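Listed below, chain by chain, are the residues.
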Amino acid sequence: MSLPTNDVPKEVEVISQLVEKTLKTGMLVEVYLVKNPRQYESAIFIDGHYKAGPPVPRPLDNPTETAAYWMGVRPKVGLSKEEGEEILGAVNVQNMLHHCNFMDKWGVLED
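Before going into details, it helps to say that this report is about the structure given with it. Quick caveat: nothing in here was measured; it's all calculated off a predicted structure. (Residues numbered from 1 in each chain as written. Predicted model: local features only at pLDDT ≥ 70, side-chain atom pairs only at ≥ 80, totals over all residues. Heavy atoms only, no water.)

**Some remarks on the sheet that holds strand S1 (residues 13–22)**
- The strand order S1-S2-S3-S4 describes an open sheet built from four strands, whose pairing is antiparallel. Strand pairing shows two members of the sheet lacking a second neighbour, S1 and strand S4 (49–51), which therefore form its edges. Taken pair by pair, the neighbouring strands of this sheet meet at an average axis angle of 35 degrees, ignoring direction.
- In the sheet, strand S3 (residues 40–46) pairs with S4 via three bridges, with the strands oriented antiparallel. Across the sheet, isoleucine 46 pairs through a bridge with histidine 49, a residue of S4.
- In the packing of helix H1 (residues 81–97) onto the sheet, the strands contacted are S1, strand S2 (28–35) and S3, and the crossing angle to S1 comes to about 170 degrees. (Pairing = 2+ DSSP bridges. Helix = DSSP H or I, 4+ residues; strand = E, 2+ residues; numbered from the N terminus. Axes fitted to C-alpha atoms, helices over the stretch in contact; angles between N-to-C directions. Contact = heavy atoms within 4.5 Å.)

As structure tokens, then:
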């Protein structure tokens, strides 16, 4: 299995696949563990293309039985509780193992 490279920012290294699922629309969604210069994060790929978004899954305001977290922007992709927790766990473990201080600044405006 080759790691995706389409649209990946040059400072991001794709490490390993964490989650794979096919949406009702037929789109293939893959979430990978990635290494940025300062920390490990997760990244979402839709049909093999990198999509910008938060570095870890975000909890939904109104979770359902099938979706408790989301990732990506245009489109947002719903993740089950198990998928979200698997991704969060993998990112947290790698940051702890490599003594990285994880900072999530996605969506935060600079003053």
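From this point, the discussion proceeds with the structure in view.
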